[in-house]
Structure formats: structure tokens, C-alpha cells
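# Descriptive structure summary
Single-letter residue listing:
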Amino acid sequence: MAQDQPALRPSEKTIRQWQNRKYGMFIHFSLFSMLGGVWKGKEYSGNYSEQIQSDANIPQREYAALASQFNPAQWDAEAIVRLAEEAGMKFIVLTAKHHDGFNMFGTKESTYNVVDGTPYKRDIVKSLADACRRHSMPFGVYYSTIDWHFGDTPAEKNDNPISQAHEQFNVKQLQELVTGYGALSELWFDMGHSMPLQSRHFAETVHKQQPECMISGRIWNGEGDFSETGDDDIPDYITDEPWESPASIFSETWGYRSWQKHTPLDEKIHEHILRLVKVVSRGGNYLLNIGPKGDGSVVDFEAQVLRGTGQWLKRNGEAIYASTPQPFRKLDFGYATVKDNRLYLFVEHLPSDGRLRLPGMQTPIREARWLNTESAGKIQIEESSVVVPVLPAGEFLPVIELRFDGELKVQPAVTEPDQNDTIRLTPENSDRLFNNNGEGYYDPPTLRSEQWHIAVRRAGSYKIEVSYKRGPFSRVVDIQVGDQLIKANLYGKEAESSIAGPINLQPSSNLAVRIAPGSPAMRGAKLDLEIIRVSLIFVGP
Ligand code: H79
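Residues numbered from 1 in each chain as written. Predicted model: local features only at pLDDT ≥ 70, side-chain atom pairs only at ≥ 80, totals over all residues. Heavy atoms only, no water.

### What about helix 8 (residues 196–209)?
Our working rule: Put simply, DSSP H or I for four residues or longer makes a helix, DSSP E for two residues or longer makes a strand, and each gets a number counted from the N terminus. Multiplying one less than the number of residues by 1.5 Å gives the expected span of a helix. Accessibility here uses a 1.4 Å probe with only protein chains present; expressed as a share of the type maximum, an area under 20% marks a residue as buried, one over 50% as exposed, and anything in between as partly exposed. The contact criterion used throughout is that any non-hydrogen atoms of two residues lie within 4.5 Å.
Under the 1.5 Å per step criterion, the end-to-end length of helix 8 is 20 Å for 14 residues, consistent within 8% with the ideal 20 Å. Residues Gln 198, Ser 199, Phe 202, Ala 203, Glu 204, Thr 205, Val 206 and His 207 constitute the buried set of helix 8. Check the buried side of helix 8 and you find it contacts helix 7 (164–180), strand 6 (186–190) and strand 7 (214–215).

### Brief notes about helix 5 (residues 77–86)
One full turn of an α-helix is made of 3.6 residues, so residues set three or four places apart face in the same direction. Note the threshold: In this description, one arc is meant: the one made by directions from the helix axis to the C-beta atoms. Pairing of N or O atoms within 3.5 Å defines a polar contact, subject to two protein rules: one partner must be a possible hydrogen donor and the other a possible acceptor, and residues neighboring in sequence count only if both atoms are side-chain atoms.
By the burial criterion, the buried members of helix 5 are Ala 77, Ile 80, Val 81, Leu 83 and Ala 84. For helix 5, the buried positions fall inside an angular range of 155° around the axis, keeping them on one side. N-cap assignment for helix 5: the residue whose side-chain oxygen lies 3.2 Å from the backbone N of Glu 78 is Asp 76. Two residues or fewer past helix 5, Gly 88 is found with a positive phi of approximately 80°.

### With respect to the packing of helix 9 (residues 265–281) against helix 10 (residues 300–316)
Spelled out, the test is: Convention adopted: a line fitted to C-alpha atoms gives each axis, helices being fitted over their contacting stretch, and angles between N-to-C directions are expressed from 0 to 180 degrees. Here the angle decides the label: under 35 degrees means roughly parallel, over 145 means roughly antiparallel, 65 to 115 means roughly perpendicular, and every other value means oblique. By definition, any crossing whose near helix is turned counterclockwise from its far helix by less than a right angle is left-handed, and any crossing with a clockwise turn is right-handed. Three categories are distinguished: nonpolar for Ala, Val, Leu, Ile, Met, Phe, Trp, Tyr, Cys and Pro, charged for Asp, Glu, Lys and Arg, and polar for the others, with Gly belonging to the last.
Put simply, helix 9 and helix 10 touch, their axes get as near as 9 Å, and they point 55° apart. If you check the angle between helix 9 and helix 10, you find them oblique. When you trace helix 9 past helix 10, the crossing you get is right-handed. On helix 10, the residues that touch Leu 265, Lys 268, Ile 269, His 272, Ile 273, Leu 276 and Val 277 of helix 9 are Phe 301, Gln 304, Val 305, Gly 308, Thr 309, Trp 312 and Leu 313. For the contact of helix 9 with helix 10, the residue count by class is nine nonpolar, four polar and one charged.

### Notes on the sheet that holds strand 6
Definition in use: Strand pairing is defined by DSSP finding a minimum of two bridges between the two strands.
The eight strands are arranged 7-6-5-4-1-11-10-8 in an open sheet whose pairing can be described as parallel. Unpaired on one side and paired on the other, strand 7 and strand 8 (227–228) mark the two borders of the sheet. Pairing analysis gives three bridges linking strand 1 (residues 23–27) to strand 4 (residues 92–97), with the strands arranged parallel. Among the inter-strand pairings, Ile 27 is bridged to a residue of strand 4, identified as Leu 94. Docked against the sheet, helix 6 (residues 124–134) engages strand 1, strand 4 and strand 5 (139–144), running at close to 165° with respect to strand 4.

### Here we look at the pattern of salt bridges
Defined as follows: Salt bridge, as applied in this entry: a Lys or Arg side-chain nitrogen positioned within 4 Å of an Asp or Glu carboxyl oxygen.
Per the stated rule, a full pass over the model turns up 31 salt bridges. Across the pair Asp 147 and Lys 97 runs a salt bridge, and its minimum N-O distance is 2.7 Å. In this pair, Asp 147 sits in the loop between strand 5 and helix 7 while Lys 97 sits in strand 4, placing the two residues 50 residues apart along the sequence. Its salt-bridge partner being Arg 369, residue Glu 401 comes within 3.1 Å of it at the nearest N-O pair. With Glu 401 in strand 18 (residues 399–404) and Arg 369 in strand 15 (residues 365–370), this pair connects stretches of sequence that are 32 residues apart. Taking the relative accessible area as the measure of exposure, Arg 369 reaches 30% and is therefore partly exposed. Three or more residues are tied together by salt bridges with common partners; here these are Asp 332, Asp 353, Arg 355, Arg 357 and Glu 382.

### Digging into the environment of Thr 179
Position of Thr 179 among the secondary structure elements: in helix 7. Each C-alpha atom of the pair Thr 179 and Tyr 468 lies 49 Å from the other, and the pair is 289 residues apart in sequence.

### Concerning the pairing of strand 1
Counting buried residues in strand 1 gives five out of five residues, a clear majority hidden from the surface. Burial along strand 1 is two-sided: the residues Tyr 23, Met 25 and Ile 27 and Gly 24 and Phe 26 are all buried. Bridge count between strand 1 and strand 11 (residues 285–290): five bridges; the pairing is parallel. Looking at strand 11, one finds that Gly 24 is bridged to Leu 287.

### Structural notes on the sheet that holds strand 23 (residues 474–481)
With mixed pairing, six strands are arranged side by side in an open sheet as 9-20-21-26-23-24. Of all strands in the sheet, those with a lone pairing partner are strand 9 (238–239) and strand 24 (484–491), marking the two edges. Pairing geometry for strand 21 (residues 446–456) and strand 26 (residues 508–517), over six bridges, is antiparallel. Considered in strand 26, the bridge of Trp 452 is made with Val 513.

### Focus on the site of the ligand
Put simply, the rule is: The nearness test applies per residue and asks whether one of its heavy atoms lies within 4 Å of the molecule or strand.
For the ligand, the set of nearby residues contains 19 residues, the closest of which are His 28, Glu 50, His 98, Asp 190 and Asp 231. At a separation of 2.8 Å, an oxygen atom of the ligand approaches a polar side-chain atom of Gln 51. A distance of 2.8 Å separates a nitrogen atom of the ligand from a polar side-chain atom of Asp 190. Split into classes, the residues belonging to the shell around the ligand amount to seven nonpolar, seven polar and five charged.

Have a look at this one:
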């Protein structure tokens, strides 16, 4: 594609629908499922069980021979979709091909696939795509860009470069996936270390056929439509684009592990509800994995964990689905979401005074009630908090719904001017916006911009001084103050600060200041700057 043509991308509407789903099912299922983490009688724990070929150093020919026995008679795509529904999950992503290179779809590019290379002879990806369509369940596929059967050397970090021949092979397989299985809700690229033009090539292959398919950030080099956090990573930073957190039920493995120790069921259910809520309160999607056995059946414990989360969501799902992130940087009692001008509070700890504080709350609370929990204590309403003497008995992470007179407004923490009307901003009180759409698995997260809120007392002219850590760079950054944009030239070799402006400011109780890569910037561009201080210095009326 010519560089100057706008790339086909998912529409705002698709992105919003994707973000509204919040909770999805990941499935790791392939030849490794037959081994269950055991090779020649030995349990392997040096890596996830889906990577046992690498962990146990299994010769390619011996591993590939597993295909001739792959016959998952218990694979029931309908039942899997029903399980996802019972769990309150709103989308499903299946491994079409993991690093071992075995294809769970009937690719024409290799006979090492479930249709041509196994006694089962049926296309697993197709069976689930069809079942999902019957249930209006959005369906996506996982695709590893590395492939040990194609010839990549298993390396512990799995960030192999992609050869030209391999790039062509992947492109042909991606074409099959985007043409043969209906609309895909997402294409979940994983690992490898693609070069920028390879990432672009993969993205264009998907979007040319399916512009509305959301591509995961692990296509690398800023070509994804959403950020993927690290595996099992629940970020405590803010991400300024759609994002998802992939999670395994046990942090030890994604593929089936026959000897996996199970913690008590309730603990596991609570762990994943809490992680789901953390992710959703920051605006992300939680993609929780199951690893079916080699015969295709779902591990009973895993099904129970999922159903447990579904029970909780039946009561509290209205605070989850289609919500937006909490408008507070941090809450000392738990987490929050917003929907339809209502605020939902997830109470993890009850502070000793029973007071749930909402810092910066500016709208009077009209009504407070426990969500779908009967016989809970009364909730007392105060100006910017509610008081809860006791939590409802027997409910994990109980939820309070708040309604308001007027529109919900929360004032962010604001930095005030000093007595000379200078406003000094430091990283300690900034919001740092990250993404995970960088150069490879070991690159993220990337700091993209840094942001503050300020108060201005005196009208007049202000110059802006940016102080930063020296380094071998010359660079332009954008400084956005309210709706004014100014540029600053930074010369890291010669100086440790730069002056920009002046700009005129009017008194204000809340003005946003943001520092970002100089525009026009590439998608996903890094700020790549260690800011020490940004000062807005009053120079005269
Ligand atoms: O498909 C799952 C993983 O197999 C895949 N991503 C998820 C969704 C993945 N491939 N490579 N990696 C993740 C990164 C590899 C991390 C490892 Fe390790 C470091 C493997 C061995 C050392 C983590 C820590 C697992 C064992 C120890």
C-alpha cells in the first residue's frame, strides 16, 4: 500500500463495541494439549505447557508425530460457547496456531494441520467460528508469528526475527484466516520480533479484507488497533488507547497441564473477579484463558472458575459491561466504573471509619444503593463520600451504585501556583500515559505522554521551561496547555532545559497540560524523554 493512503482501520463504533465487551474467553488448544505438560513420563515446569516442545527439547519429528494421534472427540464448540455465556464472557479467542506451528485450521500452506494431518480431519477453528456465529458471540483468532515447524529455532524469549520466506508464509495464512472464517472480532498476534514493514504487511493483510477486525498490539511497531499488556499483567498505569489484558487461570501455564495444582475454587474465582474489576476500572478488557485437554474436553475446575465469575457478573455485570474507567487516580477502598451518569464502587476494603472517599467529587450524590444485594446495611450520603457501616455479608467485592443530580463531575488533582505565580510540574504528580504497542514483547510499556492539571491565578504571559535528563538527542515536543499548542526544541547533548512560549493564560481552576512527541508523530510514537520538571513561569500581565 502506498504510504500516503490512509490505512483501513476499525471504525470508532467498532472500537467502542470492542471496548464495551470487557470480558472474553481465551482458548489455548493444540497438539500440546495432548501432552498436558508431560514428556516421556517427566513433568516439565521450565516454561508454559503450551511450549513443552521447547521446554523438553522435543525433536521436531517426534513432536510432529503427535498429529497422527490427535483426535479430540470431546471437542464441543457449542458447549464451549455456552460455557462462555454462563461465565458472562462476551467474546472468544482461539489459538489458530501457536509457536509449535501446528495449524488448528485447514490451511493450504502446510499439511501440518488438523484437517489434513490428523485422524480428526475437521477444522477446529471453523467449528468454533460457526458456533460463535450461531450465538452472536464475537470470535477472534490467536496467531503466533513464530513457527517451530516452519523452522524457527525455539528460543526461550520467543522474539525471533521473521525471515522473508516466513513473512510470506504468514501473510498467506493470514489471508486464509480473514477470508475463511467469517468476520473476526480480533486478530491476536503474539511474539516474534517483526520489523516495522513486516508488522505493516501483516496488518494490511488483515485490514484489506476485514477493516473492522481489531489487531492486537503484539503485531508490534504501532500497527495494532489495541494494546496488549504483558501476559498476566494487570497494569497500574494509564493506557491511552483500547487495551486488553490476557490472563491465565494459573499463572504457570495456558495450555493444559495435567499435574497443575488447584487452589481452593472460591479463592480462584475471587482472584479473577478482582483482576477483572481492576482491568475494567482502568478501561481494559480481561481475556481469561482455558486450556482444554487433548481430547477436547474442558478441565472441570476451569469451567467451575468461569461459572463462578459468571454468577458474580449476573448480580454485578451492569457495573462492568459498557462502562468507562474510574475518574479517580486511586481510591483507598477499591475501584470504580462509570456508566449512564452513574458511578459504581467496588468495595475491596472497608476503611476503619466506614467512609468511602471520592477525591475530587463535585456533583452532589442523590442516591446510593447496594447493587442486587439484599439485607445490606444502610448507606449514608455525604458530600464527596458515602459511609458504609458494614459490608453485605457473603458478597465478594460488593458494588454500590451512586446516582446524581446533574452531570457527574470529578475534579482531578490540580497543581496550584506558588507565590510568584509560577506553576511547577514534576513526574511525581503527573498522569503517565503508556501503551504496549512497541517493538517487541520485551520493549513495552512505552511512555507516550505525560499530563498534569493546573490552576492559574494571575492572567498574563507565561514562559514554559522544560527540564529533562540529558542524552544524545535533539527533538521537538508538543506542549498542550488547555487548547493552546506550542512546540519546544530539546537539545539533549548541549542542555538540560529548554524555554518555549510565551503563551497567554487566563485564570482557571483546572487546565490540562500535556507533553507529547512533536506532531506529526508516528502512531505509537514514544515520548522517550525523562522529564525532571515543567515550569510555567509568570513573566508579566
Ligand atoms: O500463548 C501464551 C504464551 O505461550 C505466549 N503468550 C501467551 C498468551 C508467550 N510466548 N512467549 N512468551 C509468552 C514469553 C515467554 C516467557 C517466558 Fe517464561 C520466560 C518463558 C520462559 C521464560 C514465564 C516465565 C514462563 C516461564 C517462565
